[in-house]
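A closer look at the structure
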Amino acid sequence: MSYNSYAEMSYLLKTLTTKEEIDRVIRDTIDEVLVLRFGRSSDAVCLQHDEILAKSVRDVSKFAKVALVDVDSEDVQVYVKYFDITLFPSTIFFFNAHHMKLDSGTADHTKWVGAFHIKQDFIDVVEAIYRGAMKGKMIVQCPIPPERIPKYQLLYKDV
């Protein structure tokens, strides 16, 4: 798929550029998983990820909402810092204003780092988070096979 096709996919999803917009969508999304993709619309990996998200929106619409967060917006830096988002794309999940964590076998359970390989992987993750949240869980096991989970190296400052 061409760069322009990926860019068109990003436009199908709502982009949040202010802290107030993010606060509002977190607060107002009730009994659904909120998926926030932090990244840049100019980044090729983010655009591939956005294509997966855009193609999946209809499939998860009964139990999830998806939005993009522009990390270059000065007004969202409080969230970028709070969630320690240094790699893009990073995807954060919420349910009823609670941050949902995903144990995918990586050191960081607070977010999904990287792009999903296929649409079904994204759908399976959101469904697992929804089912876990409905049972009162704050962390769920990732249903994706380990070979399809993006690998990255965590770097800690001053350690």
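The model shown is predicted, which means the values in this text are computed figures rather than measured ones.

Okay, the confidence of the model for the chain next. In this model, the chain carries a mean pLDDT of 90, and residues with pLDDT of at least 70 account for 89%. Note on residues 1–7: pLDDT is under 50 here. Beyond four places in sequence and across chains, it has 10 contacts.

With that settled, the discussion passes to the nonpolar core. Looking at soluble globular proteins, one finds that nonpolar side chains tend to be buried together. Counting 27 residues, the largest nonpolar core has Phe-93, Phe-122 and Val-126 as its most contacted members. Secondary-structure elements contributing two or more residues to this core are β2 (33–39), α3 (44–60), β3 (64–70), β4 (90–95), β5 (98–103) and α5 (119–134). With 17 residues, the next largest nonpolar core counts Leu-16, Leu-36, Ala-67 and Tyr-79 among its residues.

Successive residues of a regular strand alternate their side chains across the two faces of the sheet. Here β4 pairs with β5 via three bridges, running antiparallel. Across the sheet, the residue bridging to Phe-95 is His-98, located in β5. Between the antiparallel neighbours β4 and β5 lie two residues, among them Asn-96 with a positive phi of about 50°. Examined bridge by bridge, β5 and strand β7 (residues 139–141) share three bridges and lie parallel to one another. When the sheet's bridge partners are listed, Lys-101 is paired in β7 with Ile-139.

Under the counting rule described, the total for this entry stands at 10 salt bridges. Among the ionic pairs, Asp-50 bridges to Arg-37, the shortest N-O distance being 2.7 Å. Here Arg-37 lies in strand β2 and Asp-50 lies in helix α3, a separation of 13 residues in the sequence. In this structure, Asp-50 and Arg-37 share a single accessibility class: buried. The partner of Arg-131 in a salt bridge is Glu-127, with the nearest N and O atoms 3.0 Å apart. Highlighted residues: Arg-131 and Glu-127, both in helix α5, separated by four residues, approximately one helical turn.

Quick look at the side chain of Asp-121 now. Along the chain, Asp-121 turns up in helix α5. For Asp-121, the side chain forms a polar contact with the side chain of Arg-148, separated by 2.8 Å. Apart from residues lying up to four places away in sequence, Asp-121 is in contact with Phe-116, Ile-144 and Arg-148.

Residues of helix α2 (residues 19–28) that are buried: Ile-22, Val-25 and Ile-26. Down the axis of α2, the smallest arc covering the buried residues is 100°, so these residues share one side. Residues of α2 that are buried in the fold lie against β1 (14–16), β2, β3, α4 (77–82) and β4.

Here β2 lies mainly inside the structure; seven of its seven residues are buried. By the alternation rule, side chains of β2 split into Val-33, Val-35, Arg-37 and Gly-39 and Leu-34, Leu-36 and Phe-38, which are all buried. Here β2 runs beside β3; their pairing, made up of seven bridges, is parallel. Looking at β3, one finds that Phe-38 is bridged to Val-69. Note on the crossover from β2 through α3 to β3: the handedness is right-handed. Examined bridge by bridge, β2 and β4 share six bridges and lie antiparallel to one another. Pairing of Val-33 across the sheet is with Phe-95, part of β4.

The rules behind these values
Residues numbered from 1 in each chain as written. Predicted model: local features only at pLDDT ≥ 70, side-chain atom pairs only at ≥ 80, totals over all residues. Heavy atoms only, no water. pLDDT = per-residue confidence, 0-100. Contact = heavy atoms within 4.5 Å. Core = buried A, V, L, I, M, F, W, Y, C linked by side-chain atoms within 4.5 Å. Buried < 20%, exposed > 50% of the residue type's maximum accessible area, 1.4 Å probe, protein only. Helix = DSSP H or I, 4+ residues; strand = E, 2+ residues; numbered from the N terminus. Pairing = 2+ DSSP bridges. Salt bridge = Lys/Arg side-chain N within 4 Å of Asp/Glu carboxyl O. Polar contact = N/O pair within 3.5 Å; in protein donor to acceptor, adjacent residues only side chain to side chain. Arc of directions from axis to C-beta. Right-handed = clockwise from strand over helix to strand, strands pointing away.

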